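Listed below are the residues making up each chain.
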Amino acid sequence: MGDKQIRPIRPGSEGVAPDGYDVVVVGAGAAGLNAALVLTRARRRVAVVDSGRPRNAPAAQLRGFLSRDGMAPAALLAVGREEVAGYGGDLIDAEVERIEPLPDTAVGPGLPDAGAPGSDLPRPGASGFRVRLAGGPVLRARRVVVATGLSDGLPELPGLAERWGRDVLHCPYCHGYEVRDRPLGVLGTHPGAVQQALLVRQWSADVVFLPHTVEPSEADLARLAARGVRVVEGPVERVLVEDDRLSGVRLADGRVVPREAVFVFPHMAPRDAPLFGLACERDAQGWVTTDGTGRTSVPGVWAAGNVADPRAQVVTAAGAGAAAAFAINHDLVDEEVERALAAATAPAPVSASTATAAVPQ
Ligand SMILES: Cc1cc2nc3c(=O)[nH]c(=O)nc-3n(C[C@H](O)[C@H](O)[C@H](O)COP(=O)(O)OP(=O)(O)OC[C@H]3O[C@@H](n4cnc5c(N)ncnc54)[C@H](O)[C@@H]3O)c2cc1C
């Protein structure tokens, strides 16, 4: 690997690669960086643009990723960035505002007539894209990967947001082992909360379900009782903290339930603003739909990681990025073969002297 510097992009410039990129990856979390790693190793010209807000930033440790278990989330991304830069990728710290399809004009260093107006040889896939960054810079790309993650909307409850990722938790696979055998609470703000309580019980025998805004059915209550989960009814007023540790929850009627950690079900929404101009197909819940490789319904656009799959963990987000990269590289190879074939079978251009001779004087 080389020691390529990570270059900042100048506001107002036309991008660090004047003739465009093969691929612009939006988002440098696990999904985006793994896509970029595979693509740079496939000798593609790649830029990764990132706004520096990975989803798991509030957590001290990353769990459940073979060989990375216990690593700081930021440390994983720092290694990934270094690897991508080492293979020649450009890392750009910026927010992508929009991705716009180009008119039918090919771009990219891999093409003989890159960026030439009127270069409209038939080819599969999209024509390429303009990636608009906040502050004005524009990057051009033949393909784009959107790996911008999701946002976790937390219930409005005093004290909750401040403890997010520390002792207010959502995913027992990420944090359950670290709070095993402790007094745990599960806050009901979501239809999936009963299921979450049944699951969290796997990690501790002392689990209290606080239905709060959820009304458990008789069947739910029977299931909770069968699993040994206690139910404390009544609206919750706030989360209590002592010495920088969660100590319990207080209900509106003043009762306090001592707890050391509380699980909640956040409202997850894709952070997919860059895709708004592209009319990608979405499912009934508004998530962009993809095939098994992350390919969206818009040719040339892939989506990988949490932006397309709310269930993706870090390891699966990284895998989705890699899968997208393989598919994109194949797509680019197909395009290049098509163009080379078209160029080989095109009639030879008429030279100036022949043309002159052929024209009657
Ligand atoms: C508190 C917490 C703890 C977690 N702990 C674990 C754990 O221990 N183990 C585990 O496997 N999973 C864990 N997760 C889940 C984990 O965060 C996700 O699986 C993972 O982050 C998904 O990776 P991603 O690349 O899809 O998205 P992200 O990691 O969120 O990365 C997306 C990147 O895109 C950037 N971005 C967004 N919009 C734009 C834009 N318009 N322009 C430019 N850049 C943009 C963001 O700034 C961000 O850097 C945890 C989640 C939370 C909330």
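Look above for the structure.
Quick look at the structure, then. (Residues numbered from 1 in each chain as written. Predicted model: local features only at pLDDT ≥ 70, side-chain atom pairs only at ≥ 80, totals over all residues.)

**Description of the overall build of the protein**
Heads up, the condition is: The helix count covers DSSP runs of H or I at least four residues long, the strand count covers runs of E at least two residues long, and both are numbered beginning at the N terminus. For every residue, the other C-beta atoms within 10 Å of its own C-beta are counted; 20 or more classify it as buried, 12 or fewer as exposed, and values in between as partly exposed. C-beta atoms are placed from the backbone. C-beta atoms are placed from the backbone for every residue, and two residues are taken to be in contact when these atoms lie within 7 Å.
Secondary structure assignment for the protein yields seven helices and 17 strands. Here the protein holds 361 residues, and 40% of them are scored as buried. Taking as baseline every contact in the protein between residues at least 6 positions apart, the subset at least 24 positions apart corresponds to 66%.

**A few points about the site of the ligand**
For clarity, the cut-off: Near, as applied to residues and a molecule or strand, means the residue's backbone-placed C-beta atom lies within 6 Å of it. Charged means Asp, Glu, Lys or Arg here, nonpolar means Ala, Val, Leu, Ile, Met, Phe, Trp, Tyr, Cys or Pro, and polar covers whatever is left, Gly included.
Taken together, the neighbourhood of the ligand is formed by 40 residues, with G27, G29, N56, G149 and G305 sitting nearest. When residues of the shell around the ligand are traced back to their parent elements, those giving at least two are α1 (30-41), β2 (46-50) and α6 (314-345). Residues of the shell around the ligand, tallied by class, amount to 20 nonpolar, 13 polar and seven charged.

**With respect to the packing of α1 against helix α2 (residues 73-86)**
Heads up, the rule is: Think of each axis as a best-fit line through the C-alpha atoms, taken over the contacting stretch in the case of a helix, with angles from 0 to 180 degrees between the N-to-C directions. Angles are sorted into four bins: roughly parallel if under 35 degrees, roughly antiparallel if over 145, roughly perpendicular if 65 to 115, and oblique for all others. Helix crossings fall into two classes, left-handed where the near helix is turned counterclockwise from the far one by less than a right angle and right-handed where it is turned clockwise.
It is the contact of α1 with α2, at a shortest axis distance of 9 Å, that shows an interaxial angle of 20 degrees. One finds that α1 runs roughly parallel with respect to α2. Where α1 crosses over α2, the handedness of that crossing is left-handed. Where α1 approaches α2, its residues L33, A36, L37 and T40 are matched on the opposing element by L77, G80, R81, E83 and V84. Classifying every residue of the contact of α1 with α2 gives five nonpolar, two polar and two charged.

**A look at the sheet that holds strand β10 (residues 207-210)**
Note the following rule: A strand pair is defined by DSSP finding two or more bridges across the two strands.
In spatial order, the strands read β8-β15-β9-β10-β11; together these five strands make up an open sheet with parallel pairing. With partners counted over all chains shown, the strands left at the sheet margins are β8 (168-169) and β11 (230-231), one partner each. With four bridges joining them, strand β9 (residues 184-187) and β10 adopt parallel strand pairing. Paired with L184 across the two strands is V207, which belongs to β10.

**Some thoughts on the environment of R68**
Within the secondary structure, R68 sits in the loop between β2 and α2. In this structure the C-alpha to C-alpha distance between R68 and V315, which are 247 residues apart in sequence, comes to 9.5 Å.

**Let's talk about the sheet that holds strand β14 (residues 256-258)**
One open sheet holds the three strands; their spatial order is β12-β13-β14, and the pairing between them is antiparallel. The open sheet has two free edges, formed respectively by β12 (236-242) and β14, since each of these has just one partner strand. Neighbouring strand axes in the sheet, compared pairwise and without regard to direction, differ in orientation by 30 degrees on average. Inspection of the sheet shows β12 paired to strand β13 (residues 245-251) by six bridges, in the antiparallel sense. The residue of β13 that forms the bridge with R238 is R250.

**Focus on the environment of V186**
Take V186: it is sitting in strand β9. Residue V186 is classed as buried on the basis of its 30 C-beta neighbours within 10 Å. For the pair V186 and A197, spaced eleven residues apart in sequence, the C-alpha to C-alpha distance is 5.7 Å. Excluding residues that lie within four positions of it along the chain, V186 makes contacts with A193, Q196, A197, V200, V207, F209, L210 and F263.

**Points about the packing of helix α4 (residues 193-200) against helix α5 (residues 218-226)**
At a closest axis distance of 10 Å, the pairing of α4 and α5 adopts a crossing angle of 10 degrees. With respect to α5, the axis of α4 lies roughly parallel. Residues V194, A197 and L198 of α4 form the contact with α5, whose own contacting residues are D220, R223 and L224. When grouped by side-chain class, the residues that make up the contact of α4 with α5 number four nonpolar, no polar and two charged.

**So, α4**
To keep things clear, this is the line we draw: What the arc measures is the spread of directions leading from the helix axis to the C-beta atoms.
The complete set of buried residues in α4 reads A193, V194, Q196, A197 and V200. Taken end-on, α4 shows its buried residues confined to a sector of 160 degrees, consistent with a single buried face. At its buried positions, α4 is contacted by α3 (172-175), β9, β10, α5 and β15 (261-263).

**Details of the pairing of β13**
Counting the residues in the hairpin turn of β12 and β13 gives two residues, including D243, whose phi is positive at 50 degrees. Following β13, the chain reverses through four residues before pairing antiparallel with β14; G254 in that reversal takes a positive phi of roughly 95 degrees.

**What about the nonpolar core?**
Rules: By definition, a nonpolar core groups buried Ala, Val, Leu, Ile, Met, Phe, Trp, Tyr and Cys residues that connect through C-beta atoms lying within 7 Å of each other.
With 57 residues, the main nonpolar core has V24, A35, V48, V144 and V145 as its most contacted residues. By residue number, the principal contributor to this core is α6, which donates nine residues. If sequence neighbours within four positions are ignored, A35 has contacts with V25, V145, A147, A304, G321, A322, A324 and A325.

**Describing unusual backbone geometry**
Its identity is not glycine, yet R43 carries a phi of approximately 65 degrees, on the positive side. One non-glycine residue with positive phi stands out, namely S67, at about 75 degrees. With respect to the element layout, S67 can be found in the loop between β2 and α2.

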